[in-house]
Amino acid sequence: MKKVYIETMGCQMNKSDTERMLGMLDYCGYEETKEAKEADLLIINTCSIRKLSEDKAYSAIGVWGKWKKARPHIKIVFSGCVAQQDREEIFRRAPYVDLVLGTHNIYELPDLIKRINNGERICATPEVPFGEKDYSIKRVKSTGCWIPITEGCNNFCTYCIVPYTRGRERSRDMNTIIKEVKDAIKDGFKEITLLGQNVDSYGKDLEDCNLSKLLRELNSIEGQFRIRFVTSYPTDITDELIQTVNECDKVCEYFHIPMQSGSDYTLKKMNRRYDRKTYGEICHKIRTLVPDVTITSDFIAGFPGETEEQFEETLSAMREFELDYSNTAAYSPRKGTVAAKWTDLYIDEDVKFDRLARLNEVNRECCLKSNQKFIGRELEVLIEGFENHKGKNVITGRTRNNKIVHIPCDENLTGQFLTVKITGAKTWYLQGEMI
Ligand code: SAH
Ligand code: SF4
Ligand code: F3S
């Protein structure tokens with residue numbers, strides 16, 4: 001068999017695409033290697049969310065180009081979000097690339113591989129509807145797996161590249177998803193994470209279908225497993241969805257709802273379709289209906305024109321809505337987006353990174369406070385790993401509400417559901433004991 005090495009950058013959607021590409025490549029006679037140097041086929045699956053991730057993609061393949069000079073039979077594929085965005089331009093920046101593979105047509109990979117092996121050089125970035133094909137999926141060995149249910153985005157937040165790299169929102173057929181979940185359960189996966197750039201708008205382009213309906217269908221599949229879904233757009237969270245999370249025993253008490261900013265002015269400039277008050281009301285409703293729920297968020301520091309006062313509103317929102325954890329980032333201008341054109345409003349780099357540090361400080365404070373609430377409680381933990389932590393054997397796992405727990409234990413219990421007594425809380429994890 002020939003060997004393929006794939007380097008995956010970016011979000012879970014990219015990781016899921018990689019698993020699908022590996023399935024197709026297996027069909028084409030390639031086996032995966034973790035050693036780039038011994039590969040006949042090198043693939044970089046790229047992310048474009050910030051400039052740093054894009055730069056990393058280009059610098060990572062520089063060395064592959066050098067290898068190709070010595071071993072010209074090597075083929076190099078540049079895929080993912082930067083591929084979809086930069087298209088033919090990639091051949092100019094990296095002339096040794098054989099295939100530019102956009103996000104819309106990964107299912108064409110077997111045919112495209114055949115063609116590049118025959119000496120063609122191809123840019124495959126058309127925006128086509130889902131052309132799903134039934135190849136096997138080579139999933140990463142783990143307790144959990146990802147299943148995309150919707151892809152793309154129609155929201156066009158002014159800072160964000162995703163609508164350009166992933167195209168318009170498309171929902172996958174419900175029966176295809178149900179079959180994929182059943183197969184994953186049969187293969188031993190214990191936690192299914194449903195993916196979408198706006199997972200809660202699943203089904204808007206289908207007839208008589210939404211996320212609640214899908215969750216109820218999946219919840220009725222037999223077996224002991226958990227279901228999660230990410231990422232939710234705040235105003236697409238319906239009462240029905242909250243009710244469904246509450247009623248379905250397999251659906252975890254966890255919502256990831258990026259707020260981005262606590263300032264109404266900034267939210268408007270970002271083209272987010274809610275204000276601070278509405279976001280707060282959604283959190284409140286969820287917390288009232290779903291006991292022990294974890295709500296996590298994303299925030300951007302230093303959006304063009306953001307004033308110190310507006311930034312402080314973000315800090316106060318994190319505290320006021322008791323967000324359990326937040327991903328944070330400094331604003332990064334993305335070519336082709338609306339906000340990137342507001343160069344006269346760009347925030348000084350020092351100020352931006354100072355704000356990011358302050359955001360992280362409040363995030364740490366919120367996380368610790370959130371974790372401390374669980375001391376003394378007994379929680380169900382799905383064990384994900386066994387490791388030596390500072391000289392002691394520990395098993396690590398995740399609660400239903402997505403908290404990491406470390407438990408002293410000399411036995412590898414990966415894949416088991418345990419009831420654990422929480423004895424301590426650190427910023428990023430809980431400490432527990434087996435009962
Ligand atoms: N669909 C989700 C977010 C997907 S992108 C939502 O709407 O909430 C993941 C996160 O990356 C975003 O929530 C945002 O916080 C961050 N992000 C996106 N574009 C960015 C940019 N240009 N600079 C900095 N952070 C960005
Ligand atoms: Fe990007 Fe906004 Fe779409 Fe999220 S909703 S993917 S932030 S454009
Ligand atoms: Fe990155 Fe594309 Fe995901 S830009 S975050 S890999 S959708």
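The text that follows walks through the structure, step by step, so that each part is easy to find.

Reading the values: the criteria
- Along each chain, residue indices are assigned from 1 in the same order as the chain's sequence is written.
- Numbering of ligands from 1 and lettering of chains from A proceed in the order in which they are written.
- Two thresholds apply to this predicted model, a pLDDT of at least 70 for residue-level local features and 80 or more for giving and counting side-chain atom pairs, whereas whole-chain, interface and lining totals are computed over all residues.
- As a rule here, side-chain values cover all heavy atoms of the structure and leave hydrogens and water aside.
- If a single non-hydrogen atom of a residue is within 4 Å of a molecule or strand, that residue counts as near it.
- By the convention adopted, Pro, Cys, Tyr, Trp, Phe, Met, Ile, Leu, Val and Ala count as nonpolar, Lys, Arg, Asp and Glu as charged, and the other residues, Gly among them, as polar.
- By definition, two strands form a pair when at least two bridges between them are found by DSSP.
- A run of H or I in DSSP counts as a helix once it spans at least four residues, and a run of E counts as a strand once it spans at least two, with each numbered from the N terminus.
- Between N-to-C directions, angles cover 0 to 180 degrees, with each direction set by a line fitted to C-alpha atoms, over the stretch in contact for helices.
- By the convention used here, residues are in contact when the closest approach between their heavy atoms is within 4.5 Å.
- Any angle between 65 and 115 degrees counts as roughly perpendicular, while under 35 counts as roughly parallel, over 145 as roughly antiparallel, and the rest as oblique.
- The handedness criterion is simple: a crossing whose near helix is rotated anticlockwise from the far helix by less than a right angle is left-handed, and one whose near helix is rotated clockwise is right-handed.
- We count a salt bridge whenever a side-chain nitrogen from Lys or Arg sits within 4 Å of a carboxyl oxygen from Asp or Glu.
- Disulfides are defined as pairs of cysteine sulfur atoms found within 2.5 Å of each other.
- Summary of the burial criterion: residues with accessible area below 20% of their type's maximum are buried, those above 50% are exposed, and those between are partly exposed, where the area comes from a 1.4 Å probe applied to protein chains only.
- The directions from the helix axis to the C-beta atoms are what the arc is built from.

What follows covers the site of ligand 2. The environment of ligand 2 is formed by C153, N155, F156, C157, Y159, C160, V162, P163, N198, Y233 and R272. Looking at the shell around ligand 2 residue by residue, the class counts come to eight nonpolar, two polar and one charged.

Here we take up the sheet that holds strand β12 (residues 254–256). Taken together, the three strands give an open sheet; going across it, the order is β12-β13-β14, and neighbouring strands pair in parallel fashion. Where the open sheet ends on each side, the last strands, each with one partner, are β12 and β14 (325–330). Recorded for the sheet is a direction-independent mean angle of 15° between the axes of neighbouring strands. With three bridges connecting them, β12 and strand β13 (residues 294–301) associate as parallel partners. Across the sheet, Y254 pairs through a bridge with T294, a residue of β13. Each of β12 and β13 touches helix α11 (residues 276–289); the most contacted strand, β13, lies at about 160° to it.

As a further point, take the packing of helix α12 (residues 308–320) against helix α13 (residues 349–372). Between α12 and α13, the shortest axis-to-axis distance is 9 Å and the interhelical angle comes to 15°. The orientation of α12 with respect to α13, classified from their angle, is roughly parallel. Crossing geometry of α12 relative to α13 is assigned as right-handed. Two secondary-structure elements touch here, α12 through E308, F311, E312, T314, L315, M318 and R319 and α13 through R355, R358, L359, V362, N363, E365 and C366. Of the residues assigned to the contact of α12 with α13, the class counts are six nonpolar, two polar and six charged.

Time to look at the pattern of salt bridges. The full count for this structure, using the stated rule, is 43 salt bridges. Of the charged contacts in the structure, one is a salt bridge between K204 and D236, with a shortest N-O distance of 2.9 Å. On the criterion of sequence distance, the pair formed by K204 in the loop between β10 (191–195) and α8 (211–219) and D236 in the loop between β11 (226–230) and α9 (239–247) is long-range, its members being 32 residues apart. In this structure, K213 engages D208 in a salt bridge whose closest nitrogen and oxygen atoms are separated by 3.5 Å.

The strand order β15-β16-β17-β19-β18 describes a closed barrel built from five strands, whose pairing is mixed. For this sheet, the mean angle separating the axes of adjacent strands, direction not counted, is 50°. Looking at chain direction, strand β18 (residues 417–425) and strand β19 (residues 430–434) are connected through five bridges and run antiparallel. Counterpart to V420 in the pairing with β19 is M434.

Moving on to the state of the cysteines. Scanning all chains against the criterion turns up zero disulfides. Cysteine C145 remains unbridged, with the sulfur of C252 as its closest cysteine sulfur at 13 Å. With no disulfide of its own, C367 lies closest to C366 among cysteine sulfurs, the gap being 7.1 Å.

On to helix α5 (residues 109–117), then. Turning to α5, its buried residues are L109, P110, L112, I113 and I116. An end-on view of α5 places all buried positions within 165° of arc, on one side of the element. Buried-residue contacts for α5 involve α1 (12–27), β2 (30–32), β3 (41–46), β4 (75–80), β5 (99–101) and β6 (122–124).

So far we have only geometry, and geometry alone does not tell us how the molecule works.
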